[in-house]
Amino acid sequence: MGRPRKRIVSKPKGTPFYYYDWTIQGRRFRGSTEESEDEKLAEEIALEERRRIIGELRAGQEPKRRSITLNEALARAFHEHYQHLSWGKSVASIGRNLIRLLGKDKLLGDITDADLKSYVARRRGERWQHHETKTKGQRLPTAEQRLIRPRTVNHELKVLSKVMSLAREWGREVADVRPGRHAIKEPQSERIYLRQPQALELIDVIIPHAKRPVLFALYTGLRRNNAVQIRWEQLWLDGDRPFAEVLAKGQRRHVVWLPPEAVALLTALEPDPKRRKGAVFRFGNPQVGCDCRSCKDPNWRGRPIQSIRRSFKTAARRIGLPDLRQHDLRHTFASWVLQKGYGLRVLQDLLGHADIGTTRMYTHLEHGFLADAVGDAMAGFGTEFGRNKPKLRIAQKGKRS
């Protein structure tokens, strides 16, 4: 019995087309046959491409890459890559902007730095569409606020850069330009540190199913997604020192010690230890008693809560802090730790920072608390300079002092 024939093409999971992947003279050539149904036809296309590459290499020429338009590259990138991401649906609107300003039939090999500069300049001058509906207590954005934010333009450049990178993997001709070099400098958002009365006010006004994730973030200092999307498998509530284990930036393991308040919050959500599986925070939890539309809808009841962004923004506006972000809960946790007298080294371990330099952005808070500590320690000592000042005895010549 002979060996089974080695397949020339394969269809990776999540892609509609057959691909070839070869190494010829130490160089890798990978690309799509753009054939999705007939495997034999895809093999013929792949073998023809292989013969062409080998012929050009033997002739001492650089193998030519086939061109691809921006529209074709965006459609293929969405089907093979972006549709599997949680935010992939937004790529459709980003693609429309790229096609509108760069051109539908623009070849990726013809994109220049001048095209990218023109794209950035035109996008910065545009305004985002706002529905002229005004809810109670909400102001319509001004003309300055309706301008496209630098962050939006930079995100579109990142998508274009990824599409060009994928096109190179497909064996297509791509211009030697870097969209990231044309990114706009983003203004740093102002950090907000809540005092405990403000935090309690926020918790009072926020919708019930979002109240628990906010409290958990304040108790632990976890980042937004780690706090909202925590799972029971990441929690160890038994023992003297309960903790949670999450992935920090860079896929590093980060252990967070849980205070008694956090343990009480979690056990109240699911009193039965045998049922603690999957996502911790869910819509329609009977222990929460939320009457919002999502929690009452049978189709949503029991689903994991992925985001509380809208509820958080509504509650922030109600307490008079419209610029408050969920990440500010992490800053608030850091300020409370420093206020209790713990130093930056302890805070670094609690926040899971790999570098102490990242934790030093809270140095100004530590200095403020240290100044308060000095003031408290010296209170009542020598409040009036010179009061009860001891008299100096000056020794005279020939006399003993």
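Residues numbered from 1 in each chain as written. Predicted model: local features only at pLDDT ≥ 70, side-chain atom pairs only at ≥ 80, totals over all residues. Heavy atoms only, no water.

1. Let's talk about the packing of helix 6 (residues 196-205) against helix 7 (residues 208-220)
As a reminder, the rule being used: Inter-axis angles, ranging from 0 to 180 degrees, are taken between N-to-C directions of lines fitted to C-alpha atoms, where helices are fitted over the stretch in contact. In this text, helices come from DSSP runs of H or I with a minimum length of four residues, and strands from runs of E with a minimum of two, each type numbered from the N-terminal end. When an angle is under 35 degrees it counts as roughly parallel; over 145 it counts as roughly antiparallel; between 65 and 115 it counts as roughly perpendicular; any other value is oblique. In this scheme the crossing of two helices becomes right-handed for a clockwise turn of the near helix relative to the far one and left-handed for an anticlockwise turn of less than a right angle. Contact between two residues is taken to exist if any of their heavy atoms lie within 4.5 Å; hydrogens are not considered. Gly is put with the polar residues, along with every residue not named as nonpolar or charged; the nonpolar set is Ala, Val, Leu, Ile, Met, Phe, Trp, Tyr, Cys and Pro, and the charged set is Asp, Glu, Lys and Arg.
Viewed as axis vectors pointing N to C, helix 6 and helix 7 meet at an angle of 160°, and their least axial separation amounts to 9 Å. Our classification of the angle between helix 6 and helix 7 gives roughly antiparallel. In the packing of helix 6 onto helix 7, the handedness of the crossing is right-handed. Across the interface between the two elements, Ala 199, Leu 202 and Ile 203 of helix 6 pack against Lys 211, Val 214, Leu 215 and Leu 218 of helix 7. Classifying every residue of the contact of helix 6 with helix 7 by side-chain character gives six nonpolar, no polar and one charged.

2. What to know about the environment of Thr 267
Under the convention used in this document: Burial classes: relative accessible area under 20% of the type maximum marks a residue as buried, over 50% as exposed, and values in between as partly exposed (1.4 Å probe, protein chains only). Here a polar contact means two N or O atoms within 3.5 Å. Within protein one must be a hydrogen donor candidate and the other an acceptor candidate, and residues neighboring in sequence count only if both atoms are side-chain atoms.
With respect to the helices and strands, the residue Thr 267 is situated in helix 9 (residues 260-269). Under the relative-accessibility criterion, Thr 267 is labelled partly exposed at 27%. If we ignore the near neighbours within four places in the chain, the residues touching Thr 267 are Leu 237 and Arg 276. Of the polar contacts made by the side chain of Thr 267, one reaches the backbone oxygen of Ala 264; its length is 3.1 Å.

3. Description of the side chain of Arg 212
As for its position among the elements, Arg 212 is in helix 7. A polar contact of 3.5 Å, which involves the side chain of Arg 212, links it to the backbone oxygen of Pro 208. If near-sequence neighbours (up to four positions away) are discounted, Arg 212 is found in contact with Leu 265, Leu 269, Phe 281, Gln 287 and Val 288.

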